Amino acid sequence: MLPDSHHPLSGEEKEQLRATILATGAVAVGFAEASDVSADFHGHFRRWLAQGMAGPLHYMNNHIEVRTNPSNLLPGAATVISIAFPYFPARRRADDAPMVGMYAYGRDYHKTIRSLTKSLLAHLNARYGAENRLCVDSAPLPERYWALRAGIGRKGRNSTIIVEEAGSFVVLAEILTTLAVEPDAPSAQDCLGCGRCLRACPTGALTAEGLDASRCLSALTIEVKGEWDESQKSVMATEKGRATLFGCDRCQTCCPHNSGVIPTPIKDFLPRRAILDLRPEELIKMTEEEFAARFSGTPLMRGGLDSLRRNALNILGSAAHASEKP
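These numbers come from a predicted model, not from an experiment. (Residues numbered from 1 in each chain as written. Predicted model: local features only at pLDDT ≥ 70, side-chain atom pairs only at ≥ 80, totals over all residues. Heavy atoms only, no water.)

Right, let's get into the pattern of salt bridges. One pass over the full model with this rule turns up 11 salt bridges. A salt bridge links E13 to R127, with the shortest nitrogen-to-oxygen separation between them at 3.8 Å. Of this pair, E13 sits in helix α1 (residues 11–22) while R127 sits in helix α3 (residues 109–128), and the two are 114 residues apart along the sequence. On the accessibility criterion, R127 (35% relative accessible area) is partly exposed. With its nearest N and O atoms 2.7 Å apart, the salt bridge here joins E282 to R294. (Salt bridge = Lys/Arg side-chain N within 4 Å of Asp/Glu carboxyl O. Helix = DSSP H or I, 4+ residues; strand = E, 2+ residues; numbered from the N terminus. Buried < 20%, exposed > 50% of the residue type's maximum accessible area, 1.4 Å probe, protein only.)

Put into structure tokens, the structure is as follows:
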């Protein structure tokens with residue numbers, strides 16, 4: 001007979017489950033009761049949207065009420081399992097190369113985490129008869145809120161979650177499950193508050209109200225399709241804007257919590273030579289077929305060649321190269 005998924009796991013069973021999840025390559029795992037998000041959090045989120053700070057992240061305006069409770073995504077959800085997977089690379093792009101976010105050095109994290117957790121989800125169902133849903137930055141679920149509720153890290157002023165041993169170089173994932181698990185203690189810790197990230201952000205995207213994505217180099221180089229509008233062009237015309245190809249890590253690399261972070265042991269996240277060596281001049285002349293052959297299965301595919309070519313032209317500072325488009 002299967003255990004009752006609505007009866008909380010014993011302390012020993014809970015720690016066995018935590019160990020099983022950590023064995024997938026995760027660096028932190030925590031459990032939180034699936035319930036309504038706090039009124040303070042939801043109110044702040046609505047103010048953030050009303051102020052236009054989502055910028056090009058238009059999807060943040062969708063399914064606002066769904067975000068208020070995990071049961072809206074998985075009926076009968078009892079627990080949110082928050083998981084952090086480390087991606088800090090053993091090697092980085094050259095200092096004089098245009099910025100590419102380190103999370104994009106290897107395989108697309110959506111694919112990797114789904115692969116790493118496939119057998120885990122099957123185990124939860126077979127062992128406990130639980131219904132489960134994996135969320136990897138792909139559902140209207142406030143993942144940083146749940147990471148703090150599950151106690152796996154502290155809140156950074158650079159809008160990241162900072163985890164012991166891995167710093168903020170982590171990808172968050174959540175498993176919504178009907179399995180009842182005793183919650184871990186929520187985290188009330190903030191970062192050191194040194195302000196280095198605010199000073200390092202070259203466009204003032206980090207504000208007291210949170211990230212202003214309309215000024216974030218990562219958002220502008222990845223999320224915007226087609227041409228930038230005039231406001232976005234002014235941000236991308238800055239010195240650091242012209243040095244950014246795909247994503248931005250400047251608010252993380254300066255963080256003291258990231259000092260001495262150990263490189264990821266997850267093989268899929270190991271940096272690919274094609275990305276370490278990528279230069280904007282190559283993108284100008286690259287065909288769609290060449291782009292797919294070199295970057296299939298990586299986060300760069302989400303950006304697409306047209307957007308990366310636009311970013312490359314911005315770096316090179318001349319629209320003359322546009323005539324070389326295949």
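Back to the text.
With respect to the secondary-structure elements, L308 resides in helix α13 (residues 305–316). Exposure remark for L308: the relative accessible area of 1% places this residue in the buried category. Residues L308 and Y128 lie 180 residues apart in sequence; the distance between their C-alpha atoms is 46 Å. Contact partners of L308, with chain neighbours within four places excluded, come to L245, F246, L283, F291 and L300. (Contact = heavy atoms within 4.5 Å.)

Within strand β7 (residues 170–177), 8 of the 8 residues are buried, which leaves the element mostly enclosed by the surrounding structure. Covered by surrounding structure in β7 are V170, L172, E174 and L176 together with V171, A173, I175 and T177, the residues of both alternating faces. For strand β2 (residues 79–86) and β7, the ladder comprises 8 bridges, and the chain directions are antiparallel. Bridging from a neighbouring strand, T79 pairs with T177 of β7. Of the strand pairs in this sheet, strand β4 (residues 132–135) and β7 are connected by 4 bridges, and their pairing is antiparallel. Across the sheet, L134 pairs through a bridge with I175, a residue of β7. (Pairing = 2+ DSSP bridges.)

This part covers the side chain of T68. Note that T68 resides in the loop between α2 (39–50) and β2. You can call T68 buried: its relative accessible area is 17%. Apart from residues lying up to four places away in sequence, T68 is in contact with S35, D36, V37 and H42.

Okay, the packing of aromatic side chains next. For the structure on display, the rule yields 8 aromatic pairs. Between Y103 and Y109 the ring centres are 5.9 Å apart and the planes differ by 70 degrees, which places this aromatic pair in the edge-to-face class. Among the aromatic residues, those joined into a cluster by ring pairs are F41, Y145 and W146. (Phe/Tyr/Trp six-rings, centres within 6.5 Å; stacked < 30°, edge-to-face > 60°.)

Another point: the sheet that holds β2. Reading across from one edge, β1-β2-β7-β4 is the order of the 4 strands in this open sheet, with antiparallel pairing throughout. Each edge of the open sheet carries a strand with a single partner, namely β1 (28–33) and β4. On average, each strand axis in the sheet is tilted by 20 degrees relative to the strand beside it, whichever way the strands run. Against the sheet, α3 touches β2, β4 and β7, its axis set at about 165 degrees to β4. (Axes fitted to C-alpha atoms, helices over the stretch in contact; angles between N-to-C directions.)

The next point concerns the state of the cysteines. Scanning all chains against the criterion turns up 0 disulfides. Left without a disulfide partner, C201 is nearest to the cysteine sulfur of C251, which lies 6.8 Å away. (Disulfide = S-S within 2.5 Å.)

Looking now at the nonpolar core. Residues L283 and L300 are the most contacted members of the largest nonpolar core, which totals 49 residues. Other than its neighbours up to four places away in sequence, L300 contacts A104, F246, I275, L278, F291, F295 and L308. Ranked by size, the runner-up nonpolar core spans 24 residues in total, among them L73, L148, V163 and V170. (Core = buried A, V, L, I, M, F, W, Y, C linked by side-chain atoms within 4.5 Å.)

Such coordinate-based values are descriptive only and should not be taken to indicate function.
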